[in-house]
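# Structure assessment
Chain residues, written in single-letter form:
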Amino acid sequence: MSKNLRNLIRLSSLLFSILFISCDETECDCVSPPEEAMYFPPNTGTWETKSPESLGWNTANIAALDAYLIEKNSKSFIVLSNGKIVLEKYYNGHTATTPWYWASAGKTLTATVTGIAAQEGFLNINNKVSDYIGTGWTSAPIAKENLITCKNLLSMNSGLNDALGDTVTPNNLQYVADAGTRWAYHNVYVKLQNVVATATNQTWDNYFNNKLRNPIGMTGAWVTDPTALSVYWSNSRSMARFGLLALANGNWSGAQIINSSYLNAATTTSQPINLAYGYLWWLNGKSSFHLPQSQLQFNGSLISTAPADMYCALGKNDQKIYVVPSRKLVIIRMGEAADSSNLALSNFDEVLWQKINAVLN
């Protein structure tokens, strides 16, 4: 072996030793720091915060986001990062304690509590609705009514007519197609609250409060509107708590409130017609989507400017819960309609996400 080759081997060995010692002793250059644990606010007390600067966000663009939210009739806006509050804004006299309606964003509360009742053995979502609340809850022929399962109500493919208004009395729930063959955004989902109440032998409010609201420190209450729909009202932080539960795969500070397998199914395409719909959750990043009151299929992602892995609760007049697992974000918007009255999605989502991205990126 030549002298030069021996010297090269010695040098390589020395460099390796130095590198190994550096990594082993300093644990800074070669070992990634431990991942920050998700934070859960206490049921009472202070909710910890985190500055946008600490996350490397572009704080110069927060003012433009704020101005847009004001312009578009917002009442509140909250951003959580890994559970901690980064942004929290209130507008037009709204405060941290002011209640506001979730509208259809609250459908996800019903989906979650249905899942809790299923995991406790009170019901099976694959069973027909009439197993729990009896026949005659629609005006469809009994054979057609008995095709409708709890899962059909969760997935919005009951086959009932969505063109007859909001009321869910039997005469307003008419057959159009066999369950599972047609997707249509319909308030018939609220019958799941009757299913849960009957199956658990409790009132819907009591079961909801004991199994979901109270364990995660939410406030608020269900209010019955003139069409007999049950609409949830709460402050904005309660909405953020629920979004955080979803982000944490159903776990709240070590307690598994809703099992992760059900929540995963709820935030995955539930049927082959509207790819952008799970169990009362809207899903981004799919190849096509349908909208309320339409049988048209639109190609592309639900909200093209938002992260592909985002799923969301969307309510009338732009009530929003955005959950983004890849960024560990929960974003809440409550308020009046940004532009004109709408059932769930609007152009506001596209522009709002442009403004949000300008801050995040």
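Structure shown above.
To keep things clear, this report deals only with the structure shown in the data block. (Residues numbered from 1 in each chain as written. Predicted model: local features only at pLDDT ≥ 70, side-chain atom pairs only at ≥ 80, totals over all residues. Heavy atoms only, no water.)

## Digging into the sheet that holds strand S5 (residues 230–234)
Which entries qualify depends on this criterion: Here the rule is simple: two strands pair whenever DSSP picks up at least two bridges between them. Segments assigned H or I by DSSP are reported as helices when at least four residues long, segments assigned E as strands when at least two residues long, and all are numbered from the N terminus.
Pairing in this open sheet of 3 strands is antiparallel, and the strands run S3-S5-S4 from one edge to the other. Edge strands, defined here as strands with exactly one partner in the open sheet, are strand S3 (100–101) and strand S4 (221–224). With 2 bridges connecting them, S3 and S5 associate as antiparallel partners. Across the sheet, residue tryptophan 100 finds its bridge partner in S5, namely serine 234.

## Digging into the nonpolar core
Here is the rule: Side-chain atoms within 4.5 Å link the members of a nonpolar core, which is a set of buried Ala, Val, Leu, Ile, Met, Phe, Trp, Tyr and Cys residues. Remark: exposure states derive from per-residue accessible area (1.4 Å probe, protein chains only) relative to the maximum for the residue type, with buried under 20%, exposed over 50%, and partly exposed in between. Any two residues whose heavy atoms approach within 4.5 Å are treated as being in contact.
If you look at the biggest cluster of nonpolar residues, it comprises 105 residues, and the most contacted ones within it are Phe77, Trp102, Leu212 and Trp353. Residue contacts for tryptophan 353: discarding those within four places in its chain leaves Ile303, Thr305, Ala306, Pro307, Met310, Tyr322, Val324, Ile331 and Leu360.

## Re the sheet that holds strand S11 (residues 311–315)
As a reminder of what qualifies: What counts as an axis is a line fitted to C-alpha atoms, over the stretch in contact for a helix, and the angles between N-to-C directions run from 0 to 180 degrees.
Strands sit in the order S2-S1-S13-S12-S11-S8 across an open sheet of 6 strands; the sheet is antiparallel. Edge positions in the sheet fall to strand S2 (84–90) and strand S8 (282–283), since each of these pairs with one other strand and no more. Relative to the sheet, helix H9 (residues 236–247) contacts strand S1 (74–81), S2, S11, strand S12 (319–324) and strand S13 (329–335), its axis offset from that of S13 by approximately 150 degrees.

## Examining the pairing of S11
Across the 5 residues that make up S11, a large majority, 5, are buried. As paired strands, S11 and S12 are joined by 5 bridges and run antiparallel to one another. Along S12, the bridge assignment pairs tyrosine 311 with valine 323. In sequence, S11 turns back onto S12 through a hairpin of 3 residues, with asparagine 317 there showing a positive phi of about 60 degrees.

## Side note on the environment of glycine 134
Relative to the helices and strands, glycine 134 resides in the loop between helix H4 (130–133) and helix H5 (142–145). On the basis of relative accessible area, glycine 134 is assigned to the partly exposed category, the value being 25%. In the structure, glycine 134 is positioned 12 residues away from asparagine 146 in sequence and 9.8 Å away in space, judged by C-alpha atoms.

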